[in-house]
Amino acid sequence: MAAELVGPRVYSCCHCRNHVCLHDDIISKAFQGRNGRAFLFSHAMNITLGTKEDRHLMTGLHTVADIYCRDCREVLGWKYERAYEDSQRYKEGKFIFEKAKIVKENW
């Protein structure tokens, strides 16, 4: 009997199923997106970045860039480029994916 190989747990774009992030890269599930719950990830893949802009979010002023699925251009969340408050600097370089915009694959 052959052993069954299990790959990484992946999240995909809800529209085109392009792989965009790995479950193992979740830092926190306690975030709020534009349209409900969101997850903070350390890494992302197969995405493109929008223009950087300053936004007033729940935790203060941040410079962010929207993140888009590289294949279908769906907005999936944003990347924190800069946090203006010291207590929020841990978010810099991290990615927010809105739960409603991603689906589980391989699990």
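Residues numbered from 1 in each chain as written. Predicted model: local features only at pLDDT ≥ 70, side-chain atom pairs only at ≥ 80, totals over all residues. Heavy atoms only, no water.

**As for the environment of Gly77**
- If you trace the backbone, Gly77 turns up in strand E7 (residues 75-83).
- A residue is classified by how much of its surface remains accessible, and Gly77, at 0% relative accessible area, is buried.
- C-alpha of Gly77 to C-alpha of Cys16: the two residues are 61 residues apart in sequence and 16 Å apart in space.
- In this structure Gly77 touches Arg34, Asp66, Ile67, Ile96 and Glu98, once residues within four positions along its chain are discounted. (Helix = DSSP H or I, 4+ residues; strand = E, 2+ residues; numbered from the N terminus. Buried < 20%, exposed > 50% of the residue type's maximum accessible area, 1.4 Å probe, protein only. Contact = heavy atoms within 4.5 Å.)

**A word on the pairing of strand E2 (residues 19-22)**
- Strand direction decides the pairing type here: strand E1 (residues 10-13) and E2, joined by 3 bridges, are antiparallel. From the neighbouring strand, Tyr11 faces E2, where its bridge partner is Cys21.
- In sequence, E1 turns back onto E2 through a hairpin of 5 residues, with Arg17 there showing a positive phi of about 70°. (Pairing = 2+ DSSP bridges.)

**Quick word on the UniProt feature "domain: Yippee" (unreviewed entry) in the protein**
- Under the UniProt annotation, "domain: Yippee" (unreviewed entry) lies at residues 9-106.
- Within the segment residues 9-106, helix and strand shares are 0% and 61% respectively, and the terminal C-alpha atoms sit 6 Å apart. (UniProt positions renumbered as here; feature names shortened; annotations may be inferred.)

**Some details on the pairing of strand E3 (residues 26-33)**
- Pairing between E3 and strand E4 (residues 36-41): 5 bridges, direction antiparallel. When the bridges of E4 are listed, Gln32 appears paired with Arg37.
- Taken together, E3 and the strand that follows it, E4, pair antiparallel across an intervening segment of 2 residues.

**Describing the packing of aromatic side chains**
- Tallying each qualifying case throughout the model produces 5 aromatic pairs.
- Taken together, a centroid distance of 5.8 Å and an interplanar angle of 80° make the contact between Tyr11 and Phe41 edge-to-face. Placement of Tyr11 in strand E1 and of Phe41 in strand E4 is noted, with a sequence separation of 30 residues between them.
- Among the residues examined, Tyr11 registers a relative accessible area of 4% and is labelled buried.
- Ring geometry for Phe39 against Phe41: centres 6.4 Å apart, planes inclined by 50°, an arrangement best described as tilted. Judged on exposure class, the residue Phe39 and its partner Phe41 are both buried.
- Within the aromatic cluster, the residues linked to one another by ring pairs are Tyr11, Phe39, Phe41 and Phe97.
- Looking at Lys29, its charged tip hangs above the ring of Phe39, at a distance of 5.7 Å from the centre.
- Seen from the ring of Tyr68, Arg73 lies directly overhead, with NZ or CZ sitting 4.7 Å from the centre. (Phe/Tyr/Trp six-rings, centres within 6.5 Å; stacked < 30°, edge-to-face > 60°. Lys NZ or Arg CZ within 6 Å of the ring centre and 35° of its normal.)

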